[in-house]
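This is what each chain is made of:
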Amino acid sequence: PDPRTRLDFPVHGCQHLRGPAKAWRPDLRRARVAPPPSPARPHPAETARHFRLVAAASPVPVIAYDIPVAVQTKLPADVVLDLAAEGVLAGLKDSSGDLAAFREVVTGARTRPDITGFSVLTGSELVVDAALALGADGAVPGLANVDPDGYVRLARLWRAGDAERAPAAQAGRG
């Protein structure tokens, strides 16, 4: 995605996302980041239904927000990939720190012929270097608000193929 893209992060608890979505101002936002339904642990079918409803009401693309620490549920990779294939989701911001699941989404997004234009982003501050190495399109870590230069440096090192200096940058030493 374009680094100038504005993302809108809602508060947790998503029933409110469906109604007000029509009032979102697409001139100010280019994508909506939406977590799964909470606080109950939904069945994968309910999670898929939730994102379909949010997307249907949204005038801008929807990015799924995988943040299990806040909503007590992990987005299943197969659900995310199927919704991407349907065009329901434009991307994923994964703040779970689960690199195995992250790899599954990155690999599926790159290899499934029915998925195009889907962005996979990490929001986990501590694994940005690993996520980029796995093929992430980028990172949206909250700590980048405190240290934007450090995360820009890290991304540039990975993009330049400097696999030796990037981990040091991730650790704050590079």
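Scroll up to find the structure.
Residues numbered from 1 in each chain as written. Predicted model: local features only at pLDDT ≥ 70, side-chain atom pairs only at ≥ 80, totals over all residues. Heavy atoms only, no water.

Trainee: Got a sec to walk through the environment of Pro68? Specific residues and values, please.
Mentor: With respect to the element layout, Pro68 can be found in helix 3 (residues 68-71). Taking the C-alpha atoms as reference, Pro68 lies 9.0 Å from Pro36; in sequence the two are 32 residues apart. Not counting chain neighbours up to four residues away, the residues in contact with Pro68 comprise Thr73, Lys74 and Ser96. (Helix = DSSP H or I, 4+ residues; strand = E, 2+ residues; numbered from the N terminus. Contact = heavy atoms within 4.5 Å.)

Trainee: Summarise the side chain of Thr122; cite the residues concerned and give the values.
Mentor: Structurally, the position occupied by Thr122 is in strand 5 (residues 119-122). At 3.5 Å, the side chain of Thr122 and the backbone oxygen of Asp94 are in polar contact. Other than its neighbours up to four places away in sequence, Thr122 contacts Asp94, Phe102, Val127, Val128, Ala131, Gly138, Ala139, Val140 and Pro141. (Polar contact = N/O pair within 3.5 Å; in protein donor to acceptor, adjacent residues only side chain to side chain.)

Trainee: Go over the pairing of strand 2 (residues 31-34), please, and point to the residues and values.
Mentor: Burial of the side chains of strand 2 extends over both faces: Ala31 and Val33 are buried on one face and Arg32 and Ala34 on the other. As defined by bridge partners, strand 2 adjoins strand 3 (residues 62-66) across three bridges and the pair is classed as parallel. The residue of strand 3 that forms the bridge with Val33 is Ile63. (Buried < 20%, exposed > 50% of the residue type's maximum accessible area, 1.4 Å probe, protein only. Pairing = 2+ DSSP bridges.)

Trainee: Go over the pattern of salt bridges with me, naming the residues and quoting the values.
Mentor: Scanning all chains against the criterion turns up eight salt bridges. Residues Arg52 and Glu86 are paired through a salt bridge, measuring 2.7 Å at the closest nitrogen-oxygen approach. In this pair, Arg52 sits in helix 2 (residues 44-57) while Glu86 sits in helix 4 (residues 77-86), placing the two residues 34 residues apart along the sequence. A salt bridge links Lys74 to Asp94; the nearest nitrogen and oxygen atoms lie 3.7 Å apart. With Lys74 in the loop between helix 3 and helix 4 and Asp94 in strand 4 (residues 91-94), this residue pair connects regions lying 20 residues apart in the sequence. Where salt bridges share partners, they join Asp66, Lys74 and Asp94 into one cluster. (Salt bridge = Lys/Arg side-chain N within 4 Å of Asp/Glu carboxyl O.)

Trainee: Report on helix 4, specifying residues and quantitative values.
Mentor: Taken residue by residue, helix 4 has Ala77, Val79, Val80, Leu81, Leu83 and Ala84 as its buried positions. Where helix 4 is buried, its residues touch helix 2, strand 4 and helix 5 (99-111). One or two residues past the end of helix 4 sits Gly87, with phi positive at roughly 85 degrees.

Trainee: Residue-level account of the packing of helix 4 against helix 5, with values.
Mentor: Packing of helix 4 against helix 5 brings their axes to within 9 Å, and their N-to-C directions diverge by 25 degrees. In terms of orientation, helix 4 lies roughly parallel with respect to helix 5. As for how helix 4 packs across helix 5, the hand of that crossing is right-handed. Facing Ala77, Val80 and Leu81 of helix 4, the residues of helix 5 in contact are Ala101, Glu104, Val105, Gly108 and Ala109. When its residues are assigned to classes, the contact of helix 4 with helix 5 shows six nonpolar, one polar and one charged. (Axes fitted to C-alpha atoms, helices over the stretch in contact; angles between N-to-C directions. Parallel < 35°, antiparallel > 145°, perpendicular 65-115°, else oblique. Left-handed = near helix turned anticlockwise from the far one by under 90°. Nonpolar A, V, L, I, M, F, W, Y, C, P; charged D, E, K, R; others polar.)

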